[in-house]
Amino acid sequence: MAPLAPEIREIAVEQPTERRIQTVCLVIIAAVLGAAALHWLQPVMIPFVLALLLTYSLSPIVDWLILRLRLPRSLAVLFAILLGFLLFSGLAGMISSSVKTLAANADTYQGRLVDLGGQVSAAIAGLGLDIGAGNIEAQIRDLPVGAYITQAANVVVNTLSNTFLILIFAIYLLQGSTAREGSTGGMRSQIEGRIKRYLLIKVALSGLTGVLVTALLAVLGVDLALVFGVLAFILNFIP
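Residues numbered from 1 in each chain as written. Predicted model: local features only at pLDDT ≥ 70, side-chain atom pairs only at ≥ 80, totals over all residues. Heavy atoms only, no water.

## Looking at the overall build of the protein chain
So, point 1. Each helix and strand counted, the protein chain has nine helices and zero strands in total.
So, point 2. Ordered by position from N to C terminus, the α and β elements of the protein chain give α-α-α-α-α-α-α-α-α.
So, point 3. Here the protein chain holds 239 residues, and 21% of them are scored as buried.
So, point 4. Intrachain contacts of the protein chain at a sequence separation of at least 6 include 69% that bridge at least 24 residues.
So, point 5. If you sum the accessible surface of the protein chain, you get close to 16,600 Å²; carbon and sulfur atoms cover 71% of it. (Helix = DSSP H or I, 4+ residues; strand = E, 2+ residues; numbered from the N terminus. Buried < 20%, exposed > 50% of the residue type's maximum accessible area, 1.4 Å probe, protein only. Contact = heavy atoms within 4.5 Å. Areas by Shrake-Rupley, 256 points an atom, 1.4 Å probe, with all protein chains shown as cover.)

Structure below.
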């Protein structure tokens, strides 16, 4: 068999390189477009993702009601959704009440920050270091603590305000799992089983973390210990 001409060999080498460059460019373009689409669909995607997590969390309850109490799936889904609604409503009410308390006492907390900043500055000055204690205290006084508290809480409240949309998604997802009840050995059922076990362990550990944080802060006399415990429970789900 005759060897390839040099020109043909160069073309054969260049083609895979061009394909790799094209593939990399297409991946970058797809990633940018995907990120833009997710940002544009944020009002829908965030409730959908929360509904997906809620579905996996409520699915064991639905299965237990069906297997143990012999309830129809529709009735079991209704009970689970009511439980999710009560959970979201209680969480939103507690956060809203806590925000009002924090906003009303914003000046008090800011004064405590000023005192704490003065103590830290004095301790550092005692080591012979000049960090401009007066400037630090002035900057702390100028911090809009109340605005920061309200802004941070509004993000949480706005997310929880989509409760209705989240529950609608969760109803369809829970009701749509009927066709997979008899499937126990498929890849999809194995994935769902592992996700459920992970969420169950995560909820248990997060709940224990929230209880310990609440108890410790209550013993130390920290205001709104229960709120910080709930926040520790929620934020423990974020890697």
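## Side note on the packing of aromatic side chains
So, point 1. All chains considered together, the criterion is met by one aromatic pair.
So, point 2. Judged by centre distance (5.6 Å) and plane angle (85 degrees), the ring pair of phenylalanine 48 and phenylalanine 169 falls under edge-to-face. One end of the pair, phenylalanine 48, is in helix H2 (residues 42-68); the other, phenylalanine 169, is in helix H7 (residues 163-175), with 121 residues separating them in the sequence. (Phe/Tyr/Trp six-rings, centres within 6.5 Å; stacked < 30°, edge-to-face > 60°.)

## Overview of the nonpolar core
So, point 1. Of all hydrophobic cores here, the largest spans 15 residues; its most connected members are Leu54, Leu58, Val62, Ile81 and Leu174.
So, point 2. Looking at this core, the elements with two or more residues in it are H2, helix H3 (73-104) and H7.
So, point 3. No other element matches the six residues that H2 contributes to this core.
So, point 4. Beyond its immediate chain neighbours, meaning those up to four positions away, valine 62 contacts Arg73, Ala76, Val77, Ala80 and Leu174. (Core = buried A, V, L, I, M, F, W, Y, C linked by side-chain atoms within 4.5 Å.)

## Observations concerning helix H8 (residues 187-220)
So, point 1. Counted at 1.5 Å a residue, the expected span for H8 with its 34 residues is 50 Å, and the 49 Å between its end C-alpha atoms agrees.
So, point 2. For H8, the full list of buried residues reads Glu192, Gly193, Leu199, Ser206, Gly210, Thr214 and Leu217.
So, point 3. The secondary structure elements touched by the buried residues of H8 are H2 and helix H9 (225-235).
So, point 4. Backbone geometry just downstream of H8 places glycine 221 in the positive-phi region, at approximately 80 degrees. (Expected span 1.5 Å × (residues − 1).)

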